Amino acid sequence: MSVRAAIIGLGDISSLHLAAIDALDDVELVAVCDIDPDRAAAASERLGVPAYASHQALFAGAQPDVVHITTPHSEHAAAAIDALDAGIHVIVEKPVARDPRQAAAVEAAAARSSAKIAVCFQNRYNTPVRAAKQLLDSGALGAITGAAATVIWHRTAAYYEAAPWRGTWAGGGGGLLMNQAIHTLDLLRWLVGPVVSVTGTASTRVLPIEVEDTAELTLTHDGGIRSGFYATNTHATNAPITVDIVAENGQLSLRENLVVSYADGRTETVADDSVATGERAYWGVSHERLITDFYARLGEVDPFWITPADGARVVDIIHEVYERSYPEQTAQLKRNGELQ
Ligand SMILES: NC(=O)c1ccc[n+]([C@@H]2O[C@H](COP(=O)([O-])OP(=O)(O)OC[C@H]3O[C@@H](n4cnc5c(N)ncnc54)[C@H](O)[C@@H]3O)[C@@H](O)[C@H]2O)c1
């Protein structure tokens, strides 16, 4: 019998989720959901499934086995928690939730549920990233001594106008860090180790948004290893993300490819085979890999390996920087109940 899938939020990223569902033989899309009635109706007609206006109506009406949550950040936690409490498996887009308190509530719901949840940090499925992880875990490079990463990207005013939640604290819970750079912060945690403290600044320099478009952070990982991190959405193009990790016996450098330079002069390259083509090429094919893997592991006893705790710890890191960089805004939003 097919696994019954549904999706909540029919905006930009939903097309990648729908394509991944469509590519799976034993998974059937049974319903869609969006609060925008035109979007919901258009998707319903195109995909030949019923549309619902709320996640509660979707769960009651369509009884999916798995739900994909591809809504604005402010909407992630409520849908994820209700799904987990109803025993429905969840694939939630990043961030796991808009703010630390909502993220902790998702963690708690996952802990009391028999259902599984994945957080969509799909860059962990990029071939060069996986090769880097395997190499570091193998011990061949020795202990890590430091790291640095950059996300130097391009977002226009039109990108924020097209979906106004993106440029706001209430809808997005933040800007560049929470929406774009979060993937690379997750990679630093995954590759270098848990983060024990962070200092840094975030600021709004160029884009017409209330949240940050530029940030620089210093992360201290377990064992005192430091990562330097710079990110901006104000560049003229989307440059490749960079992650450089220095270890006792060599260095690794992630761009599109992975280049490993050993202390004895040897080098190795692992090519990126996860690049897609077309307008959205920079999104790659790793979404499909993550989604396929999630469905393949539904029968396993263990939780899915990219956990709500992984998602929540990155949100915690980002919030430490927000509270220092935007003290008045974050305090006011907390008083309003728009940020927790
Ligand atoms: N993993 C990635 O690389 C990646 C890339 C892009 C976006 N995303 C994430 O995907 C999510 C959606 O981003 P997007 O750019 O597609 O947004 P979008 O604004 O294009 O689409 C969001 C959709 O959700 C709908 N919606 C809003 N509130 C809702 C609710 N309560 N119930 C049902 N539907 C609701 C909106 O009407 C809209 O159609 C965000 O979490 C974003 O960070 C992830």
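None of these values were measured; they are calculated from a predicted model.

About the thresholds
Residues numbered from 1 in each chain as written. Predicted model: local features only at pLDDT ≥ 70, side-chain atom pairs only at ≥ 80, totals over all residues. Heavy atoms only, no water. Helix = DSSP H or I, 4+ residues; strand = E, 2+ residues; numbered from the N terminus. Rg over C-alpha atoms; globule rule 2.2 N^0.38 Å. Contact = heavy atoms within 4.5 Å. Areas by Shrake-Rupley, 256 points an atom, 1.4 Å probe, with all protein chains shown as cover. Near = heavy atom within 4 Å. Polar contact = N/O pair within 3.5 Å; in protein donor to acceptor, adjacent residues only side chain to side chain. Nonpolar A, V, L, I, M, F, W, Y, C, P; charged D, E, K, R; others polar. Domains from an automatic or database assignment. Pairing = 2+ DSSP bridges. Axes fitted to C-alpha atoms, helices over the stretch in contact; angles between N-to-C directions. 1 Å grid on protein atoms, 1.4 Å probe; cavity = no way out; pocket = protein on both sides within 12 Å on 5 of 7 lines; lining within 4 Å. Points joined across faces, edges and corners; volume = space filled by probe spheres on them. Core = buried A, V, L, I, M, F, W, Y, C linked by side-chain atoms within 4.5 Å. Buried < 20%, exposed > 50% of the residue type's maximum accessible area, 1.4 Å probe, protein only.

Explain the overall build of the chain residue by residue, including any values.
When its secondary structure is counted, the chain shows 12 helices and 14 strands. For 340 residues, the compact-globule estimate of 2.2 N^0.38 gives 20 Å, and the chain sits close to it at 20 Å. In terms of principal-axis extent, the alpha carbons of the chain reach across some 60 × 50 × 40 Å. Excluding contacts between residues fewer than 6 apart, the proportion of contacts in the chain whose partners are at least 24 apart in sequence is 68%. Summed over its atoms, the accessible surface of the chain is roughly 14400 Å², and 50% of this surface lies on carbon and sulfur atoms.

Can you tell me about the site of the ligand, naming the residues and giving the values?
Close contacts around the ligand come from 27 residues, with Asp34, Arg39, His73, Lys94 and Arg166 the closest. Measuring from an oxygen atom of the ligand, one finds a backbone N or O atom of Thr71 at 3.3 Å. Here Trp165 contributes a side-chain N or O atom positioned 2.8 Å from an oxygen atom of the ligand. Look at the ligand: alone it shows 860 Å² of surface, and the protein chains cover 89% of it. Taken together, the residues that form the shell around the ligand break down as nine nonpolar, 10 polar and eight charged. Of the domains in this structure, domain 1 (3-121) and domain 2 (123-272 + 308-336) are the two that each give at least three residues to the shell around the ligand.

Pulling in residues and values, what's your account of the sheet that holds strand β11 (residues 242-247)?
Taken in spatial order, the eight strands of this open sheet run β8-β9-β10-β7-β11-β12-β13-β14, and their pairing is mixed. Both outer strands of the open sheet, β8 (195-203) and β14 (267-270), are each paired with one neighbouring strand and no more. Averaged over all pairs of adjacent strands, the angle between their axes in this sheet comes to 10°, without regard to strand direction. Pairing between strand β7 (residues 144-152) and β11: six bridges, direction antiparallel.

Go over the layout of surface pockets with me, naming the residues and quoting the values.
In this model, the second largest pocket occupies a volume close to 190 Å³. Contributing to the lining of the second largest pocket are 16 residues, with Ala110, Ala111, Ile117, Pro303 and Pro308 lying nearest its centre. Taken together, the elements giving at least two residues each to the lining of the second largest pocket come down to α5 (100-112) and α11 (308-325). Here the lining of the second largest pocket takes three residues from α5, the largest share from any one element. Among the residues forming the lining of the second largest pocket, the class breakdown is 10 nonpolar, four polar and two charged.

Before we move on, could you go through the nonpolar core and cite the residues and values that matter?
When a protein is soluble and globular, its nonpolar side chains tend to lie buried together. Leu177, Leu217, Phe229 and Tyr295 are the most contacted members of the largest nonpolar core, which totals 107 residues. Among the elements that make up this core, the one with the highest residue count is helix α9 (residues 176-192) (11 residues). Excluding anything up to four places from it in sequence, Leu217 contacts Leu177, Leu185, Val198, Thr199, Gly200, Thr201, Ser227, Gly228, Phe229, Ile317 and Val321.

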